[in-house]
Amino acid sequence: MNYWLIKSEPLAFSIDDLNHQPKKTTYWDGVRNYQARNTLRDEMKKGDLVFFYHSNCTPPGIVGIVEVVKEGYPDYTAQDPNSDHYDPTATSDNPRWYMVDVQLKQRFSQMISLDELKQIPGLESMKILQRGNRLSVTPVTAAEWKIISAMA
DNA sequence: GCCAACGTTGGC
DNA sequence: GCCAACGTTGGC
């Protein structure tokens, strides 16, 4: 079992949006970065738990927990000219981009803000706290998971 | 809105 | 294959 953190801009797709999806489940489309793509395609496994992070908002922070319910498969929105995430180089033979499905497990009653995360001993090496980190999918260690989930 | 970080593109 | 230009991310 592995742990992860995914970012979303709440104006684009928030944890409340996820809460209102059928079965509280969505496909996690639109990742257009190779490193994150590889994580989605190769590493995220069914049953893995994932922190849901709101980025580019005030304040940013972790707002809940989701679970991987479907492992990596082609992100077909890349082949849809009407999609915001359209990529003309993606084809059914070579889909280029991948996604997983996630289901909401827990919506924190209170966000754990980035400010708070920065102050907690043991989280210093979290990817999300590194300056300039822009990856939308990052690994979380078991120790980090334990600390953060105990705060919720 | 600013700007640092950093991934991607494309000319050479 | 180098690297400058450019675009995007995301905290502040």
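So, here is what we can say about the structure in this document. Keep in mind it's a predicted model, so treat the numbers as computed, not measured.

### Considerations on the overall build of chain A
Within chain A one finds 4 helices and 6 strands. Each helix and strand of chain A, placed in order from N terminus to C terminus, yields the pattern β-α-β-α-β-β-β-α-β-α. The C-alpha atoms of chain A give 15 Å as radius of gyration, which agrees with the globular expectation for 152 residues (15 Å, within 12%). If you line up chain A on its principal axes, its C-alpha atoms span 45 × 30 × 30 Å. Scored against the burial criterion, the 152 residues of chain A give a buried share of 44%. When the accessible surface of chain A is totalled, it reaches about 8400 Å², and 46% of it is carbon and sulfur.

### Quick look at the protein's contact with DNA strand B
By nearness alone, every residue bordering DNA strand B is listed as Asn33, Tyr34, Arg131, Gly132 and Arg134. Each atom of DNA strand B within 4 Å of the protein was classed as base or backbone; sugar and phosphate made up 72%. Note that a sugar or linking oxygen of DNA strand B is positioned 3.4 Å from one of the side-chain N or O atoms of Arg131. Between a base oxygen of DNA strand B and a side-chain N or O atom of Arg134, the distance comes to 2.9 Å. Of the residues assigned to the surface near DNA strand B, the class counts are 1 nonpolar, 2 polar and 2 charged.

### Concerning the pattern of salt bridges
With the rule as written, the count across this model stands at 6 salt bridges. Measuring nitrogen to oxygen at the nearest pair gives 2.7 Å for the salt bridge that ties Arg107 to Asp16. Taken as a pair, Arg107 in strand 5 (residues 98–113) and Asp16 in helix 1 (residues 15–19) lie far apart in primary sequence, 91 residues in all. Assessed through its relative accessible area of 42%, Arg107 is described here as partly exposed.

### Notes on the sheet that holds strand 4 (residues 61–74)
Judged by pairing direction, the sheet is mixed, and its 6 strands sit side by side in the order 2-5-4-3-1-6 without closing on themselves. Strand pairing shows two members of the sheet lacking a second neighbour, strand 2 (25–27) and strand 6 (137–140), which therefore form its edges. Across the sheet, the mean angle from the axis of one strand to that of its neighbour is 35 degrees, orientation sign disregarded. Packing against the sheet, helix 4 (residues 142–149) makes contact with strand 1 (3–8), strand 3 (49–54), strand 4, strand 5 and strand 6, and its axis sits at approximately 60 degrees to strand 3.

### Side note on the side chain of Asp48
Along the chain, Asp48 turns up in the loop between helix 2 (34–43) and strand 3. The side chain of Asp48 is buried and forms no salt bridge, while Lys45, the nearest opposite charge, is found at 7.7 Å. Within polar-contact distance, the side chain of Asp48 engages the backbone nitrogen of Asn2 at 3.0 Å. Setting aside anything within four residues of it in sequence, one finds Asp48 in contact with Met1, Asn2, Trp4, Glu43, Val66, Glu67 and Val68.

### Things to note about the environment of Lys127
Turning to its location among the elements, Lys127 is positioned in the loop between helix 3 (114–119) and strand 6. Here the alpha-carbon distance between Lys127 and Val66, two residues 61 residues apart in the chain, equals 18 Å. Setting aside anything within four residues of it in sequence, one finds Lys127 in contact with Asn133, Thr138 and Pro139.

### Remarks on the protein's contact with DNA strand C
Around DNA strand C, the structure places Lys7, Tyr53, Ser55, Asn56, Pro60, Leu114, Lys118 and Arg134. Restricting attention to atoms of DNA strand C within 4 Å of the protein, one finds that 70% of them are sugar or phosphate atoms. Measuring from a phosphate oxygen of DNA strand C, one finds a backbone N or O atom of Asn56 at 2.9 Å. Classifying every residue of the surface near DNA strand C gives 3 nonpolar, 2 polar and 3 charged.

The rules we used
- Residues numbered from 1 in each chain as written.
- Chains lettered and ligands numbered in written order.
- Predicted model: local features only at pLDDT ≥ 70, side-chain atom pairs only at ≥ 80, totals over all residues.
- Heavy atoms only, no water.
- Helix = DSSP H or I, 4+ residues; strand = E, 2+ residues; numbered from the N terminus.
- Rg over C-alpha atoms; globule rule 2.2 N^0.38 Å.
- Buried < 20%, exposed > 50% of the residue type's maximum accessible area, 1.4 Å probe, protein only.
- Areas by Shrake-Rupley, 256 points an atom, 1.4 Å probe, with all protein chains shown as cover.
- Near = heavy atom within 4 Å.
- Polar contact = N/O pair within 3.5 Å; in protein donor to acceptor, adjacent residues only side chain to side chain.
- Nonpolar A, V, L, I, M, F, W, Y, C, P; charged D, E, K, R; others polar.
- Salt bridge = Lys/Arg side-chain N within 4 Å of Asp/Glu carboxyl O.
- Pairing = 2+ DSSP bridges.
- Axes fitted to C-alpha atoms, helices over the stretch in contact; angles between N-to-C directions.
- Contact = heavy atoms within 4.5 Å.
- Lys, Arg positive; Asp, Glu negative; His and termini not counted.

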